[in-house]
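Here is how the chains run, residue by residue.
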Amino acid sequence: MAETNINHYAAKDFKSDQEVRWCPGCGDHGILASLQKTLAELDIPKEKYVFVSGIGCSSRLPYYMNTYGFHGIHGRAAAIATGIKIANPDLMVWEMTGDGDALAIGGNHYIHAIRRNIDIKIILFNNEIYGLTKGQYSPTSKKGLTTKTSPYGTIEEPFKIGELTIGANGRFFARTVDYNLQLSNEVYKEAAKFHGTAVVEVIQNCVIFNDGTHDAFTSKENRDDNTITLRHGEKMIFGKNRDKGIILKDLKLRVVKIGENGITEKDILTHDAHEPNPGIHYRLAGMSLPEYPVALGVIRAISAQTYDAAMMEQHERVQARSKIRTVDELLRSGSTWEVK
Amino acid sequence: MGKRSKVIEKDAVVIRFSGDSGDGMQLTGTLFSNTSALFGHDISTFPDYPAEIRAPQGTVGGVSGFQVHIGHKLINTPGDFTDILVAMNPAAIRANARWLRKGSTIIYDSDNFTEKSIQRAGYKADPFAEDKLDSMNLIAAPISTLVKEALKDMEIDPKTVLRTKNMFALGMVYWLFDSKLKYTEDFIEEKFGKKPLVAEANSKVLRAGYYYGETIEALTPSYRVDPAPIRKGTYRNINGNQATAWGVLAAAEKAGLKLFIGSYPITPATGVLEELALRKDMGVKSLQAEDEIAGICTSIGASFAGRMAVTSTSGPGLALKSEALNLAVMTELPLVVIDVQRGGPSTGLPTKTEQSDLWQALYGRNGESPVPVIAAGTPSDCFWFGFEAAKIAVEHMTPVILLTDSYLANGSEPWRIPSTKDLPPITVPYAVKTDKEFLAYERDPVTLARKWAIPGTPGLEHRVGGLEKTVKGSVSYTPENHEYMVKIRDEKVERIVKEVPDLKVLGKKTGDLLVIGWGSSYGHITTAVTELQQEGYAVSAAVFNYIRPLPKNTAKVFAGFDKLVVCELNTGQFANYLRMKHQKYTYNQYNKIQGLPFTVKEIKDYCVKLLKGKKNG
């Protein structure tokens, strides 16, 4: 990807003077680094970025980013970001949030931002735990997880972020892993270029309260066989030996081995991230172990009018029709009378 | 028009249109009010309706009323007692019987006074006898029958026919006042332009009602109320919600800012959002948010991004917004929060009026949370205080709460249209890039407001947020810094007092009794006190619009009177606030918590009792 980068930024230009206070070994460090690298590579003046967040470990990120930043209150980042973007559509608004912030207390704002397709980039750090409050279960914690508030294991089914997002009519959904700087950089750039609400779920490890929760597909020994990186136009092939693939049979996704049972590469699905029908993306986003590999990369990216653009368009339409431009004109519109 | 046998000339008349919530009484009342205002009467209106859109038919709980007070003199209240009641059913009689003045005229749809509907309203057999209204001037009009008759040649469905009944009643009232039908006919034409048959039916019935009034003339006196001595100028009718919306819009224009409103529908505040949603022609961006919290949070975001930001709500919504309101306190961003109060607690009385959110506005948040609070006094006053709230918010970089209420929001009055060139200027404290490092919480030495650095401006990148900050904008948990910041945020709000106009006294600056109120009690208190003064009592009135901070001369005003009484529609929130702020005075209280505004009479009665009947000298 050739970048013009007329602003000649380096990643360090996006480092603020604040001391980064995440725990050593936290996955958030990797997310920050790849975001700073991404911004340096995008051709956008620094003052146009606004980083908005809610509450939680993830939400400290705006302090470390040398851009405009707004550290909000718990769950409300999507609403604050929405206001900023509507107020000034020239800004590029990034929302930093976590599984508790976005999906528990902020669930309502999350689904409505997506439904409206407001042009913001939501980076959702998913560590399946409440970190800043020191280890309580979250809406994405695996069922049965023992935490301080579930001492006998949770009895709740977790949300799958991809399903929730696509279910809310999400037009862009991608998934990456905190330590995978290359894939993250690629996915963040795609999100940045997308017009509309772009959700990136970052599989993130909390070293203190939920260490290793994603190991089944993120550890060195598991990742090749238990994840599949989807790229638009490419075959859905994965595995250490690149010999496994995904097919659709009897309305169900199935994992097959190339060369077995007469399966050839030709039978493997080709990823179409731009397919408007959400059916296949919903299933890909929902794939989980042990039956399936976990899908990474841009799973869905379909273009639709953004809320902020629709609002501008409506303004122009109304302005073409109405003569009222000033308060004096407004006050004298409609029925008035003279007292002499 | 025909000769009138008996004409009663009056300075002021109160008319109440009353019927089922589906009878179109709000519209009927509005049309009558506008017609009167166009004629040159001063008016004040009071819509009073149930929370249900179509409450059970024929029940007292389902009665929807619209009261209008028209006058040749200046009118400050919608009136305590009714001179003319239009009752579409027996329930309307039951609901209004105790508010009828002696010798009132009652026009009622006799077709609707069946045994069943009479019993439904809680009467045994004869509403007029049971409520002792026999001596009133009763005009029985078989409106349903007459409407059917008037429209019998038109090809419209029976439901539409009956829906024109309100126009018949309106026509009769117009005859009583010898009013012109033109305004209403124009309205009908505009409203039903696309349905010419419906328009024709409504016009026909309106005229039928008028001529019916003429036909039965011998039975009833008619009224004449001359135009009021009103100041020269261009006028319009305006209600509180509309005035509030236009006030903040005027402030945005004056400040050179574009307006953003993020809100969630809630009675009785929705009109503010609806009004501003119309104004895309003026560049207003409006968002009907997913909830109250998103309403304020989108507004905070828009404020951060450089818009004049507004969110409107009522009591329950203000409760939901309180955490985010503190975010605006902490980030020191301008924001106007409009609370159109209603009866509480909880869902309470959604369509009724109350002044019971005062403490919530002042104190309903965690931590030390200073927020300026101001309150409008009349429907058109909402324009000035909407403007003022926005001006304070921007110039002092703070959220401001503007309190109005259901009574102001729905009430309307003629308003002499101002020119925006006469409005005070608004100075926006923009941050500008200099050689020095930009410090997000560096303050103006006079106002203590920080500077507004708008995203998109090169070189002013900074972070704000709910965590305690240093002057530089870095997160800090240092004990001394927190105490310093808490105190300086408070001091910033207190310093607004320099711009708060002195409290005005209606009447002499000394006397036996000062009647104190705040916000929407203005009309009733000033009318009561004016009447008491005319009757020879040494009484004055002072109605507050600035609650936090209070005007500088507050104590000086109080000191001039032997007794103070605080009248408010709650259990004494403002009285207790004054007890805290100005401790050396004794405050009597007169409170009402019925979801209704005061009546002039009850304020007067209380004052006379407090004075033990003592007059001047």
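Overview of the structure. All figures in this text were calculated on a predicted structure; none of them were measured in a lab.

## Re the interface of chain A and chain B
Between chain A and chain B, the contact holds 58 residues from the first and 70 residues from the second. Contact with chain B buries surface across chain A, with Tyr68(A), Leu331(A) and Trp337(A) losing the most and accounting together for 16% of the total. Run the count over chain A and chain B and you get 2 salt bridges. At the surface where chain A touches chain B, the tally comes to 29 residue pairs in polar contact (both at pLDDT 80 or more). For the side of chain A that touches chain B, the secondary structure elements donating two or more residues are β2 (68–71), α2 (77–87), α4 (107–116), α10 (307–321), α11 (327–331) and β14 (337–339) of chain A. Residue composition of the side of chain A that touches chain B, grouped by class: 24 nonpolar, 22 polar and 12 charged. In this sheet, strand β17 (residues 463–465) of chain B lies alongside β2(A) in parallel orientation, the contact comprising 3 bridges. Its bridge partner lying in β17(B), His71(A) is registered against Gly465(B).

## Digging into the sheet that holds strand β6 (residues 100–109) of chain B
All names here are of chain B. Strand order across the open sheet formed by 6 strands is β3-β4-β2-β5-β6-β7, with mixed pairing between neighbours. A strand with exactly one partner marks an edge of an open sheet, and here the two such strands are β3 (42–48) and β7 (137–141). In this sheet, neighbouring strand axes are inclined to one another by 15 degrees on average, regardless of whether the strands run parallel or antiparallel. Sheet topology note: the strand β2 (residues 12–20)/strand β4 (residues 63–71) ladder contains 9 bridges and is antiparallel. Bridge pairing in β4 links Arg 16 to Gln 67. Sheet strands touched by helix α1 (residues 25–39): β2, β3 and β4. Its angle to β4, the strand with the most contacts, is close to 5 degrees.

## Details of the nonpolar core
Residues and elements named next belong to chain B. Counting residues in hydrophobic clusters, the biggest one holds 167 residues, and the most contacted among them are Phe 558 and Phe 574. The residues that make up this core include at least three from each of domain 2 (236–422) and domain 3 (511–611). Residues in contact with Phe 558, not counting those within four places in the same chain, are Leu 514, Ile 516, Phe 544, Leu 564, Leu 578, Tyr 585 and Tyr 587. In this structure, Tyr 174, Phe 192, Tyr 212 and Tyr 235 belong to the second largest nonpolar core, which totals 52 residues.

Rules and cut-offs
- Residues numbered from 1 in each chain as written.
- Chains lettered and ligands numbered in written order.
- Predicted model: local features only at pLDDT ≥ 70, side-chain atom pairs only at ≥ 80, totals over all residues.
- Heavy atoms only, no water.
- Contact = heavy atoms within 4.5 Å.
- Buried area = accessible area lost by both parts, 1.4 Å probe.
- Salt bridge = Lys/Arg side-chain N within 4 Å of Asp/Glu carboxyl O.
- Polar contact = N/O pair within 3.5 Å; in protein donor to acceptor, adjacent residues only side chain to side chain.
- Helix = DSSP H or I, 4+ residues; strand = E, 2+ residues; numbered from the N terminus.
- Nonpolar A, V, L, I, M, F, W, Y, C, P; charged D, E, K, R; others polar.
- Pairing = 2+ DSSP bridges.
- Axes fitted to C-alpha atoms, helices over the stretch in contact; angles between N-to-C directions.
- Core = buried A, V, L, I, M, F, W, Y, C linked by side-chain atoms within 4.5 Å.
- Buried < 20%, exposed > 50% of the residue type's maximum accessible area, 1.4 Å probe, protein only.
- Domains from an automatic or database assignment.

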